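If you want the building blocks of each chain, they are given just below.
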Amino acid sequence: MKRLISSMIAASVLATGGAMAEPANPSDPEEFRQLMVDFYAERYPDVPFENYNLGVYAIDDDARSQWEGQMIFPATDEFVAKGETLWNEYRLPNGKPLSSCLGEAKGLRARYPYVNEKDGEVHSLGLDIINCQKNAGEDADKVWDPKNNYKKLANVLAYLASESAGMTNQVQADSEAAKKAYNRGKEAWFRRTGRLDNSCADCHQYHGGKYARAEHLHMNLGNTTHFPAFRYSKGSMFTLHKRMYGCVRDTGTIPPAQYSDYLRDLEYFMSYNDNGLELNGPNIRK
Amino acid sequence: MKKFTSVITTAGTAALLAAGMSFSGAAAAQQNDGLSESAKEGKELAFGRSGGNCLACHQIVGGNLAGNIGPALIAMKARYPDREELTGVLRDPRDKFGAQTIMPPFGAHKILTEDEIEKIVDYLYTL
């Protein structure tokens, strides 16, 4: 059954770009999200839904108890503090704070990502920050894009995540543009790319819970709520886009840029699927 | 072999699938007695992260921190008496297992050369 649904989803998505009206591949985001929840629940019937936002710790008790220890005095605090200072002190070239462009910090992260009906694009919080700066005429080398000022971007995102922590993830997908974005992201999730010919779903869905070398693969939900994440194996903060970029690269694919349409569609698909889970960023992962 | 399941969850090493990470030859150096030159090279390719990286997904005797995405590679002669069939799995596993397989098409995508695949097959037949 499990395998049937999963391979049907993949086959129809792959064959038709998601357009085919297969029962196993509804184009309606809410129907498809339910299939994703069912997939997880069938493989791990004992994991309560609210734990899905723990990533691999939801299904790995040993790693989870280690993580619980790490969360007592979390390494993320320092990044949140730096990000808060940046958010409060930074001024756009017009002398105004970022809140003049984006709104207040409290609950801001919880309104992302969203699809703007006019341009049909997925808005990602990181990219909106960057665009606020660019539109205000900020010098190119001072913009907090991943290339020039990655740390500032990651720190501010950590602070903004903390200002929405505890809220419920509820990404909207009512408009036609949003539905299209969701289905583009879905296609990206199941698309096999690169020399290794692997898709996100190969590792994080069909083989979720198994090991790739020593790496325990997390399941198909819980990809987004906890970002940015401090990776203790690397000693640094990872935004969701940096993480996705790395996973695409590891399949032997030249990855699309961070905040490209492709990765934003993927972010939107994964974020919508995480609806109902508590926002728990910034968090800690291996 | 017995150790795999217990070792894996507690390992502190950051072993990513990422290509380019260097591979310590320590594990491969053990138990090489009796292997032909070609099988030895095949073993290195199978264990190394940038060559075959078979350990990412398969348990193989003597390999540390193996994954379990695919089946353990054991008793290969008994299970693949036809060499061409085994070579075919490495060249393009999609032919045997269908388009959905997660195993990379090592030959078709030029991850390994034909010569390297033959060496790995020599090694697999010692398992």
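Residues numbered from 1 in each chain as written. Chains lettered and ligands numbered in written order. Predicted model: local features only at pLDDT ≥ 70, side-chain atom pairs only at ≥ 80, totals over all residues. Heavy atoms only, no water.

With that settled, the discussion passes to the overall build of chain A. A count of helices and strands for chain A gives eleven helices and seven strands. Taken over C-alpha atoms, the radius of gyration comes to 19 Å for chain A, in line with the 19 Å a tight globule of 286 residues would show. Along the longest, intermediate and shortest principal axes, the C-alpha atoms of chain A span 60 × 45 × 35 Å. Here chain A holds 286 residues, and 56% of them are scored as buried. Long-range contacts, defined here as pairs at least 24 residues apart, represent 68% of the contacts in chain A between residues at least 6 apart. When the accessible surface of chain A is split by element, carbon and sulfur atoms take 51% of a total near 12200 Å². With 34 positive and 38 negative side-chain charges, chain A shows a separation of 6 Å between the mean positions of the two kinds. (Helix = DSSP H or I, 4+ residues; strand = E, 2+ residues; numbered from the N terminus. Rg over C-alpha atoms; globule rule 2.2 N^0.38 Å. Buried < 20%, exposed > 50% of the residue type's maximum accessible area, 1.4 Å probe, protein only. Contact = heavy atoms within 4.5 Å. Areas by Shrake-Rupley, 256 points an atom, 1.4 Å probe, with all protein chains shown as cover. Lys, Arg positive; Asp, Glu negative; His and termini not counted. Charge placed at Lys NZ, Arg CZ, Asp CG, Glu CD.)

Bringing helix 10 (residues 240-250) of chain A into the picture now. Residue and element names in this part refer to chain A. All buried positions along helix 10 are accounted for by Leu-240, His-241, Met-244, Gly-246, Val-248 and Asp-250. On its buried side, helix 10 packs onto strand 6 (236-238) and helix 11 (261-273). Downstream of helix 10 by one or two residues, Gly-252 has phi in the positive range, about 80°.

All names here are of chain A. In terms of domain boundaries, chain A breaks down into domain 1 (37-73 + 174-285) and domain 2 (76-162). Here domain 1 and domain 2 have C-alpha centroids that lie 22 Å from each other. Taken together, the contact between domain 1 and domain 2 spans 28 residues of the former and 24 residues of the latter. Between domain 1 and domain 2 lies a buried interface of about 2100 Å² when both sides are counted; carbon and sulfur atoms form 69% of it. (Domains from an automatic or database assignment. Buried area = accessible area lost by both parts, 1.4 Å probe.)

Time to look at the sheet that holds strand 6 of chain A. Residue and element names in this part refer to chain A. Spatial ordering of the open sheet is given by 6-5-7, a layout of three strands whose pairing is mixed. The sheet terminates laterally at strand 6 and strand 7 (283-285), the two strands that pair on one side only. On average, each strand axis in the sheet is tilted by 40° relative to the strand beside it, whichever way the strands run. As defined by bridge partners, strand 5 (residues 229-231) adjoins strand 7 across three bridges and the pair is classed as parallel. The residue of strand 7 that forms the bridge with Ala-229 is Asn-283. (Pairing = 2+ DSSP bridges. Axes fitted to C-alpha atoms, helices over the stretch in contact; angles between N-to-C directions.)

With that settled, the discussion passes to the environment of Tyr112(A). Residue and element names in this part refer to chain A. Looking at where Tyr-112 falls in the secondary structure, it is placed in the loop between helix 5 (99-102) and strand 1 (114-115). Judged by relative accessible area, Tyr-112 falls into the buried class, the value being 5%. Residues Tyr-112 and Tyr-268, 156 residues apart in the sequence, show an inter-C-alpha distance of 8.8 Å. Not counting residues within four places of it along the chain, the set of residues in contact with Tyr-112 comprises Leu-102, His-123, Ser-124, Leu-125, Asp-128 and Val-171. For Tyr-112, the side chain forms a polar contact with the side chain of Asp-128, separated by 2.7 Å. (Polar contact = N/O pair within 3.5 Å; in protein donor to acceptor, adjacent residues only side chain to side chain.)

Quick look at the packing of aromatic side chains now. Within this structure, the stated rule accounts for 15 aromatic pairs over all chains. A ring pair is formed by Phe32(A) and Phe269(A), whose centres lie 6.1 Å apart and whose planes are at 50°; its orientation type is tilted. With Phe32(A) in helix 2 (residues 29-43) and Phe269(A) in helix 11, this residue pair connects regions lying 237 residues apart in the sequence. Look at Phe47(B) and Tyr123(B): their rings are 6.2 Å apart centre to centre, the planes differ by 80°, and that puts the pair in the edge-to-face class. Taken together, the residues Phe47(B) in helix 3 (residues 37-47) and Tyr123(B) in helix 7 (residues 114-124) connect sequence positions 76 residues apart. The side chain of Lys82(A) reaches across the aromatic face of Phe79(A), ending 5.6 Å from its centre. (Phe/Tyr/Trp six-rings, centres within 6.5 Å; stacked < 30°, edge-to-face > 60°. Lys NZ or Arg CZ within 6 Å of the ring centre and 35° of its normal.)

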